[in-house]
There are 2 protein chains.
Amino acid sequence: MTEPLAPGATIGILGGGQLGRMLSVAAARLGFRCHVYDPAPEPPAGHVADRVTTAPYEDTEALAAFAASVDVVTYEFENIPTAALNAIEAQVAIRPNRRTLAVSQDRLTEKAFVTELGLKTAPFAAVDDEVDLAEAMAEIGLPAILKTRRLGYDGKGQARINRPEDAPAALAAMDGAPAILEGFVSFTREISVIAARGLTGEVACYDPGLNVHRDGILHTTRVPAPLTTAQRTDAVLLAGRLLNALDYVGVMGVELFVTPDGLLVNEIAPRVHNSGHWTQDGCMIDQFEQHIRAIAGWPLGDGARHSDIEMENLIGDDIDRVPALARDPAVALHLYGKAEARPGRKMGHVNRWLGPASLK
Amino acid sequence: MTEPLAPGATIGILGGGQLGRMLSVAAARLGFRCHVYDPAPEPPAGHVADRVTTAPYEDTEALAAFAASVDVVTYEFENIPTAALNAIEAQVAIRPNRRTLAVSQDRLTEKAFVTELGLKTAPFAAVDDEVDLAEAMAEIGLPAILKTRRLGYDGKGQARINRPEDAPAALAAMDGAPAILEGFVSFTREISVIAARGLTGEVACYDPGLNVHRDGILHTTRVPAPLTTAQRTDAVLLAGRLLNALDYVGVMGVELFVTPDGLLVNEIAPRVHNSGHWTQDGCMIDQFEQHIRAIAGWPLGDGARHSDIEMENLIGDDIDRVPALARDPAVALHLYGKAEARPGRKMGHVNRWLGPASLK
């Protein structure tokens, strides 16, 4: 399919969490319907989707029926089993493409891809056993972080190594999984570029946002980020190079470290990204609609921002602040409809209006 | 129920058209689920609602089951049969209240209510037969418009009387229904105030918008409307008086004529209103969320506007302009997911960003 999807078409979304939920709402704005696939019953996206399938990613029959009912498939997370992707792709296009998923599902592959493109990352080395780890520590230096190559999310599957004595425990924490040792980078700031590439190859980027983390989870993103014009340009060029190299279609979140030596790629996420939620209230076309436009073969929005915004995540019992936040006229609430507030669980976010766009 | 509804509660919406659709999305942003009730299968709101009941408004059993499944009921149109309202209200609160529906379902009752409040309307008189009509024409003068008292919508059930000879045909067009003759008003502009009143009686208004009609259907609404400060104040005070007098809870659309003698009330709509769609892209809290906040007992947004916007309806084959509109970076598309584009049918709207709010 290379023709733009007509309104009325159905978009399949793998994963029914908050990202799928906000994608479904954006798709509806363009006249599309969404069919959400999620192993868990009552996914948040189900409240605002036309159809929901509840089945595991191992159920190829359910996946085939899902694929047959939709006109294109996208996803809200990158760790989708290969067999599931095969079952779907036999019937309908998956966007962003399989190559991107293969690259981003594995921290080692991702970092290798980024460095092969001539872009910088933190120093890294593959670690499969204690011999590898000893060599990697010697090469990279300490402190460093040992991470599983796959399935890492919000600080899980990670162990910090401050001194050589920490190595055995860190390796044990990997539970036998292939790992990667990453060196620390002396960075002044973390920023994100939310970039999009359309079916015909055009690229559009939103203004970079400044990210602040707490306990390993994104806490706030603020636009505009305090950057020089050169840094802004670098960020956009860098994102464009990543998207083009992957023949990417959709929105990608690119986390970058700002260092005295330039921008380093921390992580790429082949999907809408938490650090792009500010676009919902700062732009006419937000990241969710931008992603839907891209995978539907529609023209992209140009990423224009009309307002300065600070996004703040509501994590765990932050949800108790909702009554107070609802009283703040500068705040737009975005709650995810999750029944239970567990520590570390993203329950919603707020976008705070700071003023008309201070940087054009 | 006077306690605020907690996120996770379910809101019942009578009517699954575009207004129900946009209400459902706004409710989801606050963590609510929606259950939509509509006689027609596949209502547009169903694509983004948690649950849909397809049943006629005469099916009291279906209505009772619907009412039992929700925590509060609201509606997207005012011509709901009394028996249906009775079946629902036996179980759960209806907001805005029954009194408002009774007033607004009937053009005569509505105009009588407005004038009793000391507000101005176009001259009007009840017309049940040709004797009434002759008297009304003598009193009001010609040209004038004869309208059925109930069920009028977008120019239907109306007949213009330019000369006395037009009277029999106009009366015949009423098909025996009780009618009202309305005189013409010499007005310079039509504006709308989208006003809201909360469960605890607080009132909030959005900036008035300038409405332009085409073929009897709203074509564009633009904010800010070109008004004097005094006119702005009058519009807000007048809307507040209407809401307070009705002990109203929710969003109301108030259409006003700007005349040399001051503001005249053209029509009130006890619901979110087409002329308030600009708030989706001009405000942090739009009219749909404002309505959900009100009926859920939440604090209202203050109506603050961050941008100047022109809303334009996409009617009938205007939908063919979507590919071109999708290329305009200043335009936000809002399509309703309707399969068939019939002449006069509202298929969607666009909000065009004109700049940061030029009037505070």
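Residues numbered from 1 in each chain as written. Chains lettered and ligands numbered in written order. Predicted model: local features only at pLDDT ≥ 70, side-chain atom pairs only at ≥ 80, totals over all residues. Heavy atoms only, no water.

J.: Can you break down the overall build of chain A residue by residue, with the values?
T.: Helices and strands together make up the secondary structure of chain A, namely eleven helices and 18 strands. By the compact-globule yardstick of 21 Å for 360 residues, chain A fits well, its C-alpha radius of gyration being 20 Å. C-alpha extents for chain A along the principal axes are approximately 60 × 50 × 45 Å. The buried share of chain A, taken over its 360 residues, is 59%. When the accessible surface of chain A is totalled, it reaches about 13,700 Å², and 51% of it is carbon and sulfur. Distance between charge centres in chain A, computed from 33 positive and 46 negative side chains, equals 5 Å. (Helix = DSSP H or I, 4+ residues; strand = E, 2+ residues; numbered from the N terminus. Rg over C-alpha atoms; globule rule 2.2 N^0.38 Å. Buried < 20%, exposed > 50% of the residue type's maximum accessible area, 1.4 Å probe, protein only. Areas by Shrake-Rupley, 256 points an atom, 1.4 Å probe, with all protein chains shown as cover. Lys, Arg positive; Asp, Glu negative; His and termini not counted. Charge placed at Lys NZ, Arg CZ, Asp CG, Glu CD.)

J.: Please provide a residue-by-residue account of the relation of the copies chain B and chain A, values included.
T.: For these two chains of identical sequence, chain B goes onto chain A by a turn of 180° and a shift of 0.0 Å along the axis, with RMSD 0.0 Å. Taken together, the turn and the small shift mark the pair as related by a two-fold rotation axis. Minimal C-alpha separation from the rotation axis in chain B is found for Val 48 of chain B, amounting to 2.0 Å. With an isologous cut-off of 70% or more, the 100% of interface residues of chain B that recur at the interface of chain A puts this contact in the isologous class. (Least-squares fit on C-alpha atoms with pLDDT ≥ 70 in both. Contact = heavy atoms within 4.5 Å.)

J.: So, helix H1 (residues 18-29) of chain A: which residues are in play, and what are the values?
T.: With twelve residues, H1 of chain A extends 17 Å from end C-alpha to end C-alpha; this agrees with the ideal 16 Å at 1.5 Å per step. Note on H1 of chain A: the residue one or two positions beyond its end, Gly 31 of chain A, has a positive phi of about 90°. (Expected span 1.5 Å × (residues − 1).)

J.: Lay out the interface of chain B and chain A in plain terms, naming residues and giving numbers.
T.: It is common to report an interface's size as the accessible area lost on association of the parts. Counting residues at the interface gives 40 residues for chain B and 40 residues for chain A. At the boundary of chain B with chain A, total buried surface from both sides reaches about 3,200 Å², with 60% on carbon and sulfur atoms. One can count two salt bridges joining chain B with chain A. Between Glu 42 of chain A and Arg 33 of chain B there is a salt bridge, with the nearest N and O atoms lying 2.7 Å from each other. (Buried area = accessible area lost by both parts, 1.4 Å probe. Salt bridge = Lys/Arg side-chain N within 4 Å of Asp/Glu carboxyl O.)

J.: Break down the pairing of strand S14 (residues 250-259) of chain A for me, citing the residues and quoting the values.
T.: Residue and element names in this part refer to chain A. In terms of burial, S14 is largely enclosed, as ten of its ten residues are buried. By the bridge criterion, nine bridges tie strand S10 (residues 189-197) to S14 in an arrangement that is antiparallel. If you follow Val 193 over to S14, its bridge partner there is Val 254. Both S14 and strand S15 (residues 262-269) contribute to a ladder of seven bridges, which runs antiparallel. Across the sheet, Gly 253 pairs through a bridge with Ala 269, a residue of S15. Taking the residues that link successive antiparallel strands as the turn, the S14-S15 hairpin has two residues. (Pairing = 2+ DSSP bridges.)

J.: Lay out the domain arrangement of chain A in plain terms, naming residues and giving numbers.
T.: When its domains are assigned, chain A resolves into domain 1 (10-94), domain 2 (123-183) and domain 3 (189-356). Relative placement of domain 1 of chain A and domain 2 of chain A: their C-alpha centres are 34 Å apart. (Domains from an automatic or database assignment.)

J.: Can you explain a negative patch on the surface? Please cite residues and give values.
T.: Residues and elements named next belong to chain A. Side chains of Asp 128, Asp 129, Glu 130, Glu 135 and Glu 139 sit close together on the surface and give a patch of like negative charge. For Glu 139, the location among the structural elements is in helix H6 (residues 130-140). According to the relative accessible area criterion, Glu 139 is exposed, its value standing at 61%. (Patch = residues over 30% accessible without salt bridge, like charges linked within 9 Å, V, L, I, M, F, W, Y side chains within 5 Å.)

J.: Talk me through the sheet that holds strand S8 (residues 179-183) of chain B; I want residue IDs and the actual numbers.
T.: All names here are of chain B. Read across the open sheet, the four strands follow the order S5-S8-S6-S7; overall the sheet is antiparallel. With one partner strand each, in any of the chains shown, strand S5 (124-127) and strand S7 (158-161) form the two edges of the open sheet. On average, each strand axis in the sheet is tilted by 25° relative to the strand beside it, whichever way the strands run. Pairing of strand S6 (residues 144-148) with S7 involves four bridges; the strand directions are antiparallel. Within S7, the residue paired with Ala 144 across the bridge is Ile 161. In this fold helix H6 (residues 130-140) packs onto S5, S6, S7 and S8, with an angle of close to 170° to the strand it touches most, S5. (Axes fitted to C-alpha atoms, helices over the stretch in contact; angles between N-to-C directions.)

J.: Report on the pattern of salt bridges, specifying residues and quantitative values.
T.: Tallied over the full model, the rule gives 42 salt bridges over all chains. Of the charged contacts, one joins Arg 222 of chain A and Glu 310 of chain A as a salt bridge, the two residues approaching to 3.7 Å between their closest N and O atoms. In this pair, Arg 222 of chain A is assigned in strand S13 (residues 217-223) and Glu 310 of chain A in strand S16 (residues 307-315), connecting sequence segments 88 residues apart. Under the relative-accessibility criterion, Arg 222 of chain A is labelled partly exposed at 40%. Ionic pairing is found between Asp 318 of chain B and Arg 321 of chain B, a salt bridge with its closest N-O pair at 3.8 Å.

J.: Before we move on, could you go through the pairing of strand S11 (residues 209-214) of chain B and cite the residues and values that matter?
T.: All names here are of chain B. Summarising the sheet, strand S9 (residues 189-197) and S11 pair through three bridges and their orientation is antiparallel. The partner of Glu 190 across the bridge, within S11, is Asn 211. The pairing of S11 with strand S12 (residues 217-223) spans five bridges and is antiparallel. Paired with His 213 across the strands is Leu 218, a residue of S12. Taken together, S11 and the strand that follows it, S12, pair antiparallel across an intervening segment of two residues, in which Asp 215 is found at a positive phi of about 55°.

J.: I'd like a description of the side chain of His 277 of chain A, backed by residues and values.
T.: Residue and element names in this part refer to chain A. Tracing the backbone shows His 277 in the loop between S15 and helix H9 (279-282). Separated by 3.5 Å, the side chain of His 277 and the backbone oxygen of His 273 make a polar contact. Contact partners of His 277, with chain neighbours within four places excluded, come to Leu 19, Met 22, Gln 287, Phe 288, Met 311, Tyr 336, His 349 and Asn 351. (Polar contact = N/O pair within 3.5 Å; in protein donor to acceptor, adjacent residues only side chain to side chain.)

J.: Please set out the environment of Gln 290 of chain A residue by residue, giving values where relevant.
T.: Residues and elements named next belong to chain A. Mapped onto the fold, Gln 290 is located in helix H10 (residues 287-295). Classification of Gln 290 as buried rests on a relative accessible area of 1%. In this structure the C-alpha to C-alpha distance between Gln 290 and Ser 24, which are 266 residues apart in sequence, comes to 12 Å. Side-chain polar atoms of Gln 290 contact the backbone nitrogen of Gly 301, separated by 2.8 Å.

J.: I'd like to hear about unusual backbone geometry, residue by residue, with values.
T.: Following Leu 142 of chain A, the chain continues to Pro 143 of chain A via a peptide bond in cis, the omega torsion being 0°. Cis geometry marks the peptide bond from Val 223 of chain B to Pro 224 of chain B, where omega comes out at -5°. Locating Pro 224 of chain B in the fold gives a position in the loop between S12 and helix H8 (229-245). A positive phi is found at Asp 247 of chain A, a non-glycine position, where the angle reads about 50°. Relative to the elements of secondary structure, Asp 247 of chain A occurs in the loop between helix H8 (229-245) and S14. Note on Asp 247 of chain A: relative accessible area 49%, which makes it partly exposed.

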